[in-house]
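The primary structure of each chain is shown beneath.
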Amino acid sequence: MVYAILALVVAYLIGSFPSALIIGKTFKGIDIRKHGSGNLGTTNAIRILGKKLGFIVFFLDVFKGVLVVGLARILYEGFGYQIDFNHLEALEFGLFKPFYYGVCVVFGHFFPIFANFKGGKAVATSLGITLTFTPVPAVLCLIAFYITLKISGYVSLASTFAILTVLISALFQNFVFTGLGPVGIELLIFYTVISLFMIIKHRKNYVRIIKGTENSFKKKKESKETPEE
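Keep in mind it's a predicted model, so treat the numbers as computed, not measured. (Residues numbered from 1 in each chain as written. Predicted model: local features only at pLDDT ≥ 70, side-chain atom pairs only at ≥ 80, totals over all residues. Heavy atoms only, no water.)

**With respect to the pattern of salt bridges**
To keep it simple, the criterion reads: Here, a salt bridge means any Lys or Arg side-chain nitrogen found within 4 Å of an Asp or Glu carboxyl oxygen. Burial status follows relative accessibility: with a 1.4 Å probe on protein chains alone, a residue under 20% of its type maximum counts as buried, one over 50% as exposed, and anything between as partly exposed.
All chains considered together, the criterion is met by 3 salt bridges. Between aspartate 31 and arginine 33 there is a salt bridge; the shortest N-O distance is 2.9 Å. On the basis of relative accessibility, which here comes to 27%, the residue arginine 33 falls in the partly exposed class. A salt bridge links arginine 208 to glutamate 214, with the nearest nitrogen and oxygen atoms 2.8 Å apart. A residue is classified by how much of its surface remains accessible, and glutamate 214, at 9% relative accessible area, is buried.

**Quick notes on helix H10 (residues 185-201)**
Given 3.6 residues per turn, any residue in an α-helix points the same way as the ones three and four places further on. Rules: Secondary structure follows DSSP: runs of H or I at least 4 residues long count as helices, runs of E at least 2 residues long count as strands, and numbering of each begins at the N terminus. Any helix carries an expected span of 1.5 Å times its number of residues minus one. The arc in question is the one spanned by the directions pointing from the helix axis to the C-beta atoms. Contacts are residue-level and defined by heavy atoms, with any inter-residue pair within 4.5 Å sufficient.
Across its 17 residues, H10 extends 24 Å between first and last C-alpha, which sits within 8% of the 24 Å expected from 1.5 Å per residue. Buried within H10 we find Leu187, Leu188, Phe190, Tyr191, Ile194, Ser195 and Met198. Down the axis of H10, the smallest arc covering the buried residues is 155°, so these residues share one side. H10 presents Ile185 and Leu196 as exposed residues on the side facing more than 90 degrees away from its buried surface. As for H10, its buried residues are in contact with helix H6 (98-110), helix H7 (123-133) and helix H9 (155-175).

**Looking at the packing of H7 against H10**
Test applied: Axis definition: a line fit to C-alpha positions, over the contact stretch in the case of helices; interaxial angles, taken between N-to-C directions, run 0 to 180 degrees. Working definition: roughly parallel below 35 degrees, roughly antiparallel above 145 degrees, roughly perpendicular at 65 to 115 degrees, and oblique for all remaining angles. Crossings are classed by handedness, with left-handed meaning an anticlockwise turn of the near helix from the far one by less than a right angle and right-handed meaning a clockwise turn. Residues were grouped as follows: Ala, Val, Leu, Ile, Met, Phe, Trp, Tyr, Cys and Pro as nonpolar; Asp, Glu, Lys and Arg as charged; and all remaining residues, including Gly, as polar.
In the contact formed by H7 and H10, the axes pass within 12 Å of each other and the chain directions differ by 165°. With respect to H10, the axis of H7 lies roughly antiparallel. Between H7 and H10 lies a crossing whose hand is left-handed. Within the contact between the two elements, H7 uses Val123, Ser126, Ile129, Thr130 and Phe133 and H10 uses Leu187, Phe190, Tyr191, Ile194 and Met198. Across the contact of H7 with H10, the residue classes break down as 8 nonpolar, 2 polar and no charged.

**A word on the nonpolar core**
What counts is decided by this rule: Residues belong to a common nonpolar core when they are buried Ala, Val, Leu, Ile, Met, Phe, Trp, Tyr or Cys residues joined through side-chain atoms within 4.5 Å.
Counting residues in hydrophobic clusters, the biggest one holds 32 residues, and the most contacted among them are Tyr101, Val106, Ile129, Phe133, Leu187, Phe190 and Tyr191. Taken together, the elements giving at least two residues each to this core come down to helix H1 (2-15), helix H4 (51-79), H6, H7, helix H8 (135-152), H9 and H10. For tyrosine 191, the contacting residues outside a window of four places in its chain are Thr130, Phe133, Thr134, Val166, Leu167 and Ala170. Counting 10 residues, the second-largest nonpolar core is a separate cluster that includes Ala20, Ile32, Leu53 and Val57.

**Considerations on the confidence of the model for the protein**
Our working definition: The quantity known as pLDDT measures the predictor's confidence residue by residue, on a range of 0 to 100.
Residues with a pLDDT of 70 or more make up 86% of the protein, whose mean pLDDT is 84. No element of the protein has a lower mean pLDDT than helix H5 (residues 90-94), at 44, and none a higher one than helix H2 (residues 19-28), at 95. When the criterion is pLDDT under 50, residues 225-229 qualifies, and its contacts beyond four places in sequence or with other chains add up to 0 contacts.

**Some words on helix H3 (residues 42-49)**
Burial in H3 covers these residues: Thr42, Asn44, Ala45, Ile46 and Leu49. One or two residues past the end of H3 sits glycine 50, with phi positive at roughly 100°.

**Details of the side chain of lysine 64**
Here is the rule: What qualifies as a polar contact is a pair of N or O atoms within 3.5 Å, subject to a donor-acceptor requirement within protein and to the restriction that residues adjacent in sequence count only when both atoms come from side chains.
Within the secondary structure layout, lysine 64 lies in helix H4. A polar contact of 2.9 Å, which involves the side chain of lysine 64, links it to the side chain of histidine 109. Contact partners of lysine 64, with chain neighbours within four places excluded, come to Ile14, Gly15, Phe17, Val105, His109 and Thr125.

**Points about the packing of H6 against H10**
Between H6 and H10, the shortest axis-to-axis distance is 10 Å and the interhelical angle comes to 10°. With respect to each other, H6 and H10 are oriented roughly parallel. Counting all contacts with H6, which are made through Phe99, Tyr100, Gly102, Val103, Val106 and Phe110, the residues of H10 involved are Glu186, Leu187, Phe190, Ile194, Phe197, Met198 and Lys201. Of the residues that constitute the contact of H6 with H10, the class distribution is 10 nonpolar, 1 polar and 2 charged.

Following this line, the structure appears as structure tokens:
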């Protein structure tokens with residue numbers, strides 16, 4: 001049991017790696033938590049640090065999900081049934097399932113120990129997890145994100161549609177298009193819980209959209225294209 005718990009803690013610590021905070025302090029000398037929305041996510045990083053550094057933050061956060069779940073899948077699915085793991089009990093071996101590592105890395109991003117437990121909304125990290133578990137829903141969610149962002153200009157709305165696209169397409173993959181491979185009930189539950197959690201985390205954004213006060217990349221672009229009088 002000790003080895004399983006230790007591995008889960010490591011997954012949480014990797015998820016806690018505050019990419020936006022470190023990139024901001026390293027390259028700009030600023031604490032991104034004190035600027036913009038104060039969120040340790042890609043959107044705030046792009047607004048405060050610029051596109052180049054913002055996308056570095058994005059890729060680092062995606063990589064957290066890919067790294068943790070990818071390694072867990074290699075160990076569990078590739079070697080798990082061949083290695084004795086020192087006569088681990090069934091319960092302990094069950095804790096080595098990649099599904100649990102996905103939970104821990106997302107939880108780490110939500111509540112990072114290295115940033116006073118105030119993290120981002122885990123959209124990029126969840127994308128990394130989705131790419132590792134279910135590539136087709138991951139690609140579909142990227143398409144949904146791009147289309148929604150292009151039309152509305154709201155990252156929060158685009159993220160929401162992307163999250164729901166993952167859940168719906170994963171359900172279809174598991175029960176309708178089974179030729180793509182079964183998703184599994186545990187993973188579907190994980191996608192459902194994470195979707196609900198991230199929707200809750202975006203609730204303030206929805207209120208601002210309704211009020212017309214939410215930041216929009218589309219409005220920002222239009223304002224730049226409008227000539228001064």
